[in-house]
Structure formats: structure tokens, C-alpha cells
Amino acid sequence: MKFPIGKEIYIKTPAFLINIKELISWFRLEKFNGVLWGESSNFITEILIYNGVVPKAYTIRETEILAEDNASIEIFVNDFIARSNLISLYSLEKEIVLSILISYFSTPKIFQEETYLFVADKLVEEAKKENTISHILIESPSDKIHFLFSKGKFLGCYQERDGILKDELSISEFFENKENLLSFYQVREEEFERLNIPSLKFSFIEEDITSWTKKLLEYVNYVINYYTEFGMYIKNMESLLKNLKILEKSLICSNNNFTVKNEIMESYDEVEKEVVELIARINRELAGIWGEKFVKQKYMQAYKKFLEGNQNDKVIIELLDRLNPENIEF
Amino acid sequence: MNTTYKRLSILFIILFLLPFLVFLGVSFLLVEQRFYPILYQFSITLSLGIALYYFLKVDRRWKGWIGWFFLVLSLIFLFVGDTIWNFYAIFLNQEAPFPGISDIFYALFYLLAFMFLSYFIRLLRIELNPSEKFMIIIISLVFLSLLIQQVVLPILVSNTHWLEKTLNVFYLLGDFILLVLAFVLMIQFWGGKVAKSYAYFILGISACTIADIVFSYIFGNYGISNWVDIFYLLSFLLLSFSVIIESMLYINK
């Protein structure tokens, strides 16, 4: 196992029982830390999740690495769609994930040196320095052992052979074997923020969330333009975004049209809920001026026309279900 | 906006009450007859000035701007018509002629006011439900038949000049059409702030209708000032106020 097995959330669950879109959204929303596993007949894909995003992923067969990062996620998603994998999810403490990450994204202080050249206790003492995140990696001919440290504390160690996270710090035994190689990674806490940690995408599944959000905005802008045709407009459209958790920071309004300013990382459900609220706010604002009856009438016309124009787009039809005039409160 | 609205309401009440009190003074022979048209002219000048001030601040990108521009233009024609009418009373101390030059501007007022309402009916692609249609048809028919029976027919059979007859009928039918169209729009916007503007417009045209009906009966004994003018003044102030109320909704701060 490239990553340690954490606290089990669910284990070996058939893919068809999991809603992957919702799961990804949940990672984002909860800023989840842990590992997602996809087990197929003869290989495992391990996806490390840090603060809801994916910085590293591996597909391995026993100890052989078959694919890494994007290629690995691609394998996971394809197997998921084919319903041919079993999904497990484990949570990890954030500190453990930080310590794992520095072994990939920081410059090592010691890299693959023979262990006998170093004193284990001194190294541990160095790793336990306050305000640092450290990672000791010992590579034996048959396995790799990781010792994880953060903020002056030992967090645990695991062997890639089984991935089980252990509390005891018995590092000295690995220093006796001359064949073992030592790598040591350490960064100060404030330096960690400056590390270039990537955010890998869950293939087209995540692209879908962004494109769906854009589709929803296309609809919002269509409704606004439809209203404007009748002389109905709002002076300060951007003020309607106030206090919307996601859209306030992700959208921008120019020329009475909303566009995505920042990448939307949150749950699709949440975005959809806020788009519904945005439309309700537009309608309420206009109803105050033009009367509820008239605005409702025009909203229904806009909704119908937009649907007619996108009749062949099943995604749009599904998306617009929640924005149905009957579901919008004025 | 609320404070401005209140202040303007009070100002417009004063603009109505001043000439009204002077008119009472004229009736009881306390003041000279000319004072009333002077105060009338003062009130309509000030109200039109305020209406123009607010309307010119409206964002012209707003699609409805052109519609309300028609109404402002119609108010200007009404103002010119009234000014010519008052000129006779103030400077020549005599009753204004009817039909006269003022009537050209009064006719233009109706034309522009009609353009204002039809512009919005077309722009908004108004859709009435069956009960609304029924209500509007019934009210219109009752009002129209009363108008024809009680006012239009007596005008047509009277021994007056054909131009006088035509103008009297034109004004009354003009009032009727404006009332119906404005009523259709007000029903559409019921509950919204825009409905208020149309409500003031309807009240203004209603006051004008009352004045026109009475005018058609009493012209000849009209004199320099007449109590009918109170309704014309009220009509002008209400129409100006509707422009102000609507403009305030679209002013870019």
C-alpha cells in the first residue's frame, strides 16, 4: 500500500452502490483527508485525498506500480463506470496526510543513503523538532517503511506491504541492515503552504460539475436577458450574490450576465441550491417592482422557451427540474 | 426614496391646495379672478419641472424609457395647451376660445399618451387570463355605454359647431381609451411598485374625464376661471406625479 490504511468509513462496497459525484462533492465540502481505494480483480488504485482534493494516486499490482496520478484516476473512473471495482474509503488525520505529502512534494534532506551512516535516535530527535513536518522513509529490499511526524510528535508508521498504521516507534532495527536506504524529508509548517501540491481531477466526472454549473448559469443569464427584453432589470445585480456561500466568491456579474470567476470546487447540490436561491432573489426583487403575477408569468415563459430551445439536451432537462416555476418561491 | 416620496407627496398636495384655496377666494369674491389661472400655471410649471428633473435622471438603457418619454412629451403638450389657455385669462382677462390653438396641443397630448400605453402593452406582450378579460370587457362596456348615452349623444345632437362637437367627443373617447389601456397595465403589475405609477395615471385621466364631461356641458358659460379647472389641475399633477414615481424606480445612483 502506498498510503496507510486509516479509519474505515466503508469497505469493499460495490461501485454501483456509490454515487461518485456526490462523494467527490462531499470530499470538497468536508475538506476530507484520507484514502479512496478502488479494488479490481488484480490491482488496486489508491487515491490520496488532502483537504478534499487529490494530490497523488497510484494503481498498483502487488508491489508493481501500473499507473500514477491522472492515469491512475482514469483507471479508477473507468472501472467505476464499468461497475467492476469495489470501493473502500478510509479517513486519515490531516497531519498524517501532510507528512505523507512532503515525501512527494518537498526536497529531501537525505535521499537514499545507507542507513548505517546515521544514528536513528538523532534522526528521530531531528524529526520531532517543533513547528516542522517530517517524514522518514526506509527502503529495504522487500518493503518500504514510512515514519510520520508533525509538530514535534510521532504520528505513526506503516509498511507498504500491509499499510497498517502503527503507533510504536521502533526505528532502530531498520538501521542495522546495511542494505536499507534512508530518505529524510522535513519542512517547516509555514513552508508547507508554499509547496506546490497539485489538485488532480476526477476525470470527466469533475468536468461535469463545472460544465453543469455553467449550464445552470446559462439558464440564469437567459432568464435575466428575457426579463430585460421586457424592460425589467435590476440596478445592482451583483448585490444579489451577497451571503451566498459558494456563488458570492465564484461568480462575477458584468453587463447583467453572471460568469464563473473562480473554479467551483463545492458540491453540485450546494451549487444548484444556491442557483435556485439566486433566481428566487432575482424574481423577488423584480416582483417588488413589477408585481408577483407579472414576474411569475414572464418566468414561466422564459423557462418554457429555454426548455424548447434545449429539447434535445437531456442533461439540461434534468438540471432544470429544480428550477421549475412551481419550485421557485417568490 | 421613502423620504423623497413623502416630501414630494406633500409638495404636490400644496401645489394642488394653493390654487384650490385661491379658487375658493375667487368664488367668494375675495380675490381677483386672474389669481386662480396664475396659481394654476405656477403649479403645473413646477410639477412639470420636477417630473422632467427626475425623468432626465433615468438610465436610458432601460427599455421602458422610450415609453415613459412619450408620456413626458404628452405632458409637455398638455402644459403648452394649458399655458395658451391661461394666457387669455391672465393677460387678456377673457375666456379662451374653444376650439382654439390649445386644442392642437391637447390633441397631441392624447396621441402621445396613447403611444405611451400602447408601447408598454406591445413591449410587455400582456397576457390576460379569462377572468381579467371578462372584468375589463364588462367595465369598459358599462362605462362606454354610459358615456355614449349620457354625454356623447347629447353632444352630437346639440346645436354647436361641428369642430366643437368633434373635439368634445374626441377628448371623451380619448379619456376612455387611455383609462382602459392603463387599467389593463395596472392589473398586470398589481402588487408591484410600477402599479402605483399606473394608478396615479388612471386617477389623473379620471380627473380629466370628469372635467371633460362637465366642460362639454357648460362651455359657453365657462368664464375666466371655473371649478372644472380644479379637476384639470388635479389631472396634470397626478400625471406628473406618475412620471416621478416611475422615474424614481430607475434612477442610477
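All of the points below concern the structure found in this document. (Residues numbered from 1 in each chain as written. Chains lettered and ligands numbered in written order. Predicted model: local features only at pLDDT ≥ 70, side-chain atom pairs only at ≥ 80, totals over all residues.)

1. Focus on the overall build of chain B
A count of helices and strands for chain B gives eight helices and zero strands. From first element to last, N terminus to C terminus, chain B shows the α and β order α-α-α-α-α-α-α-α. In chain B, of all internal contacts separated by at least 6 residues, the share reaching a separation of at least 24 is 78%. (Helix = DSSP H or I, 4+ residues; strand = E, 2+ residues; numbered from the N terminus. Contact = placed C-beta atoms within 7 Å.)

2. Describing the pairing of strand β4 (residues 53-61) of chain A
All names here are of chain A. Note: strand β3 (residues 44-50) against β4, six bridges, orientation antiparallel. For Leu48, the partnering residue across the bridge sits in β4 and is Lys56. Taking the residues that link successive antiparallel strands as the turn, the β3-β4 hairpin has two residues, and the phi of Asn51 there is positive, at about 50°. Here four bridges tie β4 to strand β5 (residues 64-68), and the two strands are oriented antiparallel to one another. Residue pairing across strands places Arg61 opposite Glu64, the latter belonging to β5. A loop of two residues connects β4 with β5, the two strands running antiparallel in sequence, and Glu62 in this loop sits at a positive phi of about 55°. (Pairing = 2+ DSSP bridges.)

3. What to know about the packing of helix α1 (residues 2-27) of chain B against helix α8 (residues 228-249) of chain B
Residues and elements named next belong to chain B. One way to put it is that α1 packs onto α8 with a least axis distance of 11 Å and a crossing angle of 170°. In terms of orientation, α1 and α8 fall into the roughly antiparallel class. Contacts between α1 and α8 involve Leu8, Phe12, Leu15, Phe16, Pro19, Phe20 and Phe23 from the first element and Ile230, Leu233, Leu234, Leu237, Phe241 and Ile244 from the second. In terms of residue class, the contact of α1 with α8 is made up of 13 nonpolar, no polar and no charged. (Axes fitted to C-alpha atoms, helices over the stretch in contact; angles between N-to-C directions. Parallel < 35°, antiparallel > 145°, perpendicular 65-115°, else oblique. Nonpolar A, V, L, I, M, F, W, Y, C, P; charged D, E, K, R; others polar.)

4. Side note on the pairing of β3 of chain A
Residue and element names in this part refer to chain A. With respect to burial, β3 is a largely interior element, seven of its seven residues being buried. Along β3, one buried face is formed by Ile44, Glu46, Leu48 and Tyr50 and the opposite face, lined by Thr45, Ile47 and Ile49, is buried too. As judged from the six bridges shared by strand β2 (residues 34-39) and β3, these two strands associate in the antiparallel manner. Looking across to β3, one finds that Trp37 is bridged to Glu46. Taken together, β2 and the strand that follows it, β3, pair antiparallel across an intervening segment of four residues. (Buried ≥ 20, exposed ≤ 12 C-beta atoms within 10 Å, placed from the backbone.)

5. Some words on helix α1 (residues 20-30) of chain A
All names here are of chain A. For α1, the set of buried residues is Ile24, Ser25, Phe27 and Arg28. Summarising the axial view, the buried residues of α1 lie within an arc of 155°, below the 170-degree limit, and thus occupy one face. Two residues or fewer past α1, Lys31 is found with a positive phi of approximately 50°. (Arc of directions from axis to C-beta.)

6. Notes on the interface of chain A and chain B
If you look at the interface, chain A gives 14 residues, while chain B gives 16 residues. Mapped onto the side of chain A that touches chain B, the elements with two or more residues apiece are α9 (268-290) and α10 (292-309) of chain A. For the side of chain A that touches chain B, the class distribution of residues is six nonpolar, five polar and three charged.

7. Quick look at α1 of chain B
For an α-helix, 3.6 residues make a turn, and residues three or four places apart therefore share a direction. Residue and element names in this part refer to chain B. Its 26 residues place the ends of α1 37 Å apart at the C-alpha level, agreeing with the 38 Å of an ideal helix rising 1.5 Å per residue. Of all the positions in α1, only Phe12, Leu15, Pro19, Val22, Phe23 and Val26 are classed as buried. In the core, the buried residues of α1 are packed alongside α2 (35-55) and α8. Looking one or two places after α1, you find Leu29, whose phi comes out positive at around 55°. (Expected span 1.5 Å × (residues − 1).)

8. A few points about the sheet that holds β4 of chain A
Residue and element names in this part refer to chain A. Taken together, six strands build an open sheet; the order of strands is β1-β6-β2-β3-β4-β5 and the sheet is antiparallel. Looking at which strands have only one partner, the edges of the open sheet turn out to be β1 (7-14) and β5. Here the strands of the sheet are splayed against their neighbours by 20° on average, with no regard to which way each runs. Relative to strand β6 (residues 86-91), β2 is paired through six bridges, and the arrangement is antiparallel. Bridged to Val35 within β6 is Tyr90.

9. Overview of the sheet that holds strand β8 (residues 132-139) of chain A
Residues and elements named next belong to chain A. With antiparallel pairing, five strands are arranged side by side in an open sheet as β7-β11-β8-β9-β10. Among the strands making up the open sheet, the edge pair consists of β7 (110-114) and β10 (153-159). Averaged over neighbouring strand pairs, the angle between their axes works out to 15° when direction is ignored. Here six bridges tie strand β9 (residues 144-150) to β10, and the two strands are oriented antiparallel to one another. Note that in β10 the partner of Ile145 across the bridge is Gln159. With respect to the sheet, helix α3 (residues 94-105) is in contact with β8, β9, β10 and β11 (181-188), its orientation differing from that of β8 by roughly 60°.

10. Notes on the environment of Leu217 of chain A
Residues and elements named next belong to chain A. You can see Leu217 is positioned in helix α7 (residues 203-229). On the neighbour-count criterion, Leu217 (20 C-beta atoms within 10 Å) is buried. With 55 residues separating them along the chain, Leu217 and Glu272 place their C-alpha atoms 9.9 Å apart. Sequence-distant contacts of Leu217, that is, excluding residues within four places in its chain, are made with Phe258 and Val260.

11. Considering the packing of helix α5 (residues 130-157) of chain B against helix α6 (residues 162-188) of chain B
Residues and elements named next belong to chain B. Interhelical geometry of α5 versus α6 gives an angle of 170° and a closest axis separation of 11 Å. The angle between α5 and α6 falls in the class roughly antiparallel. Considering how the two elements wind past one another, α5 and α6 form a crossing that is right-handed. For the pair α5 and α6, contact is made by Glu132, Ile136, Ser140, Phe143, Leu144, Leu147, Val151, Val152, Ile155 and Leu156 and by Lys165, Asn168, Val169, Leu172, Phe176, Val180, Phe183, Val184 and Ile187, respectively. Considering only residue class, the contact of α5 with α6 consists of 15 nonpolar, two polar and two charged. (Left-handed = near helix turned anticlockwise from the far one by under 90°.)

The analysis is restricted to geometry; functional conclusions fall outside its scope.
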